[in-house]
Amino acid sequence: MNFESTPCRAAAMLLACCLSLARADDTQLITDEFAGDRLGAQWSWLHKVDDAGWSLRDRPGYLRLQATRPLTLAQSLSGPVSGMRVRLDIGALAEHQRAGLSLLGAQSASVGVAREGGVNYLVFANGAQETLGSRIDGDAVILRIEVVNQQTLQFSYALNEQDGYHQVGPVTQLSDPAWWKERRVALYSNVTLAQRADRRHHVDIDWFRMTLEQPPAAAEEMSSVEVVAARPTNKVDRDVYELKNDISVSNASASDVLNNVPSVTVDQDGNLTLRGNPNVQVMVNGKRDAQFQGQNRGDALNAFPAENIESIEVINVPGAEFGNEGGSGPIINLVLKRNRKPGSRANLSVNKSDGNRYNAFGNGEYAAGPYSLSGNIGIRQDERSAHRASQREDLDPLTGDTIGGSNTSSNSHSPRRSVTMASTFTYNVGQLDQAGATASYSAIRNASDSAGNTYRYGLGQLPVADFSTRSHSDSPADNFGLGASYLHKTGAPGEELKADLRYTGQTNNSDADVWYDYRLLPPRVVTNNHRETDRRNRILDISLDYQRTFLGTWLLKAGGKYADSKNNNATNYLAQDPVSGAYVPVANRISDFVSNDRNVAIYGIVSTTLLRDAHLQAGLRGEYTELDVRQPLPGEEDKYYYLNWLPSFYATYDVSKTAVLQLRASRRIARPNERDLNPNLVYLSDFSARQGNPNLEPVNNDLTELSYRDNWFGIDSSVTLFKRRESPVISSISYPLASDPDVLVTSPLNFGANDSTGVDLAFNIRRLLLDGLSANISSTISNDQRLRVSNLASSLTQTQTIHRESAKLRLAYQIAAESLQLMVNHNGATLSGQGVNKAFTMTSFSWQHRLTPRMTLNMNVNNVFRLGDLESTVENEVLRTHSLTSSQPRVFSIGLRTQFGGVTGDQRLRNGGARRGDLFNGNNGERGGPNRGAGGGAGRPGGGDPGGY
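Below you will find a few notes about this structure. Keep in mind that this is a model prediction, so the values were computed, not measured.

### Details of the environment of Q547
Part 1 of the argument: Summarising the element assignment, Q547 is placed in strand β31 (residues 529-550).
Part 2 of the argument: Using a relative accessible area of 19% as the deciding quantity, one classes Q547 as buried.
Part 3 of the argument: Note: C-alpha distance between Q547 and K489 (58 residues apart in sequence) is 9.8 Å.
Part 4 of the argument: Those residues in contact with Q547 that sit more than four places away from it in its chain are G494, E495, E496, L555, L556 and K557.

### Brief notes about the sheet that holds strand β38 (residues 681-685)
Part 1 of the argument: The mixed open sheet is built from 4 strands, whose spatial order is β38-β39-β43-β42. What marks the edges here is a single partner per strand, and that holds for β38 and β42 (729-737). In this sheet, neighbouring strand axes are inclined to one another by 25° on average, regardless of whether the strands run parallel or antiparallel.
Part 2 of the argument: Summarising the sheet, strand β39 (residues 688-691) and strand β43 (residues 740-751) pair through 3 bridges and their orientation is parallel. By the bridge assignment for β43, A689 is matched with V745.

### Regarding unusual backbone geometry
Part 1 of the argument: A cis amide bond links S727 to the next residue, P728, at an omega of -15°.
Part 2 of the argument: In this fold, P728 is placed in the loop between β41 (715-727) and β42.
Part 3 of the argument: Here the phi dihedral of R866 falls at roughly 55°; this positive angle occurs in a residue that is not glycine.
Part 4 of the argument: Its place among the elements puts R866 in the loop between β51 (855-862) and β52 (870-875).

### A closer look at the pattern of salt bridges
Part 1 of the argument: According to the stated counting rule, one finds 49 salt bridges in the structure shown.
Part 2 of the argument: Across the pair R589 and D740 runs a salt bridge whose closest N-O atoms are separated by 3.9 Å. Of this pair, R589 sits in the loop between β33 (583-585) and β34 (591-610) while D740 is found in strand β43, placing the two residues 151 residues apart along the sequence.
Part 3 of the argument: Assessed through its relative accessible area of 8%, R589 is described here as buried.
Part 4 of the argument: Notably, a salt bridge pairs R724 with E726, separated by 4.0 Å at the nearest N-O pair. For the pair shown, R724 and E726 are each scored as buried.
Part 5 of the argument: Residues participating in the shared-partner salt-bridge network are D239, R275, R664, E705, R709 and D760.

Cut-off values and rules
- Residues numbered from 1 in each chain as written.
- Predicted model: local features only at pLDDT ≥ 70, side-chain atom pairs only at ≥ 80, totals over all residues.
- Heavy atoms only, no water.
- Helix = DSSP H or I, 4+ residues; strand = E, 2+ residues; numbered from the N terminus.
- Buried < 20%, exposed > 50% of the residue type's maximum accessible area, 1.4 Å probe, protein only.
- Contact = heavy atoms within 4.5 Å.
- Pairing = 2+ DSSP bridges.
- Axes fitted to C-alpha atoms, helices over the stretch in contact; angles between N-to-C directions.
- Salt bridge = Lys/Arg side-chain N within 4 Å of Asp/Glu carboxyl O.

Structure follows, in structure tokens:
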């Protein structure tokens, strides 16, 4: 790919794509997040209401409707509507209670949730006839009423928007295009007199959103605002963090936004840890992706645009539905944006940073009838300059005295360019089925130029060698992904069958040249050389998943998967002959390694609700794996076979109307990968190498956590105790190569157990001291312990212990058209092999100014205080090393983000605090518009109902 002209061509393609997809689809998004302490003036109760029946204070950020009496909150429609959505927390519904979303008029229509026999079911109605639908598992649901071309109504629901909506009931024909003139939209909670419960039972309404059709002129008069205080969505096995509230996204990579997620750390090289554990799987939409596997994952995370990510799922305790092919540790799942709304829309963001840095990203969507098509393209240019310094001491294993060592320093400059693109197509097959297809491609071009000096000494500090080096490397990577899926719903309660096929791949062929200039020749001279490394990875993933409700309150999930992963790793090494000057192969530095990992898995999960307040889920996964390892050069081949049964268990108990206690536990298995098993000596540089161990055993990973979540003094709070135990550990030892002591070799082996015990704390403060200021505070405190094996004998071990503290602070302030965000990430020290990675702290600042309802000006400053150096130490019986890398400059970025078509919001309606004068052209205390009640007094909105909690 010719990158010299690619940025201009790609930007032109991106803009043309966005403009072609964005029609004159002018709409207005009216949304209420219920984040204030009073209802907006657009709402009115349909009958006299006792204020004790509803509240905005019992659970800040939610409208609570108690199950003590029927309640209906409505607003008139001011124009034709294309859709309405509401998100409900239904975990505390009373028996026989109904709650949901309705259109009121001559013939009412509604979609909601009903609790019968301790189980929540979908319920929908056209007129007076009510129909009970499928079972709803979980404590949250999104209900939607779509109006297609102002001709038909369609009900649908989603457990979370990233998984898409599912149709409920038949399509309803509208008889009059002006149907909206006699209708109102309403939020309701219905119970009969005999069914009225105590205040422990209720429905909590998280938000309401309605899209009005309107002319372009009107759209330009509206403005939108972000709700800055984000809270994670808690599911039975994971925590979900949405990115819609992060104003730095338009200029960020996946690495940048992952660093803002509690307990997640990404260093400057893209190395990822979760609670200090580096054994983390990265998935995309719940599936493995080749670009995020292996040694080049950091480059892929640094190149992947955050604009393409809708939410991040952190799965610290993965259940039976998740495989172990990519490792046994926790999972980070990147949920990508999908098109779900009819019509067309597009977004375009362009950013320029200091130095030779820039990026642009655009996406477009179009949906009509049963079809939906979306696509995106992004370009990014980054660069990094680094200074590295390292000291090495060789030790006498008997006395511990220094017998030699070296000091090395270098400076490098590394530009990185990337292009990413993806497309998704879905088609609704009839009323119940959906077919989908995805395709993606990314090209990453890394280069690096480095210059350094090395000084070596021997016993008594006598000089042994002194030389300079220059190097140049190119490391291009090409990644692709293809996918197809089919979802079939039978119409029976909760029954569906989904088939999914994914094929992803990565090709990374790198070249490196090193030149030497000797001032003092060492005993063993390394000459100028050229190294070629070719890596190729292909992953085929086929899965089948089934679920069905049975015996009223039970849900069964079962499925199977076949995964086939092929890896090729070849290294070629040529050194310059000092006499002829020709480059000739060096046999002991050439290696080739091929592996094929085939995995067949089945799983079953059963869940139920007991005594209304207790929710249980148990699962079991069986995996059979065959791993073929072949070394073409020596003609050797080895086969490994594994059979594992892995249980998981989850329990949730509603302690009170705001408090939840949750237990998660599972066992995972980490099978050695081809890099760990490769017995060949693979040179990573002229003075460092890695040698695998073909006798490694799998590692059992037992994960347990106990969480308590509540709202204390208006603050969403979470306390999670966790314990992780790995046994027998795959760790590494470092030692000088016997035939060339200047080369430092790292090799894995099994020994002992690792234990990590700690607590996660998270607090979400929606209002901090003044209106518009919010805060998210999280911290991970743990004690990590592991055994360090002796280099002299594997039977000799030593216990390493470290107390680790990591913390994240996010402050967000919003006033009028301005939004500001400050992120501070402190990452505690971690144990690594036979050493320690030191702590570091990073700070970033973002500012967003809304120029128009569809355009924002964005500014970001990364690493405000120019910190973030990486420092590590290794110490054992034969050597002691210390290294320091400084490569985190302060980076200033500024850019524009604009929207074509789609929707805008209205900041006067979002937070439930609109004043009469703001919305209906009257001043505070004056009479409102038509069909509204008298104006309120000072500090109280006008409307048909008095201000509430």
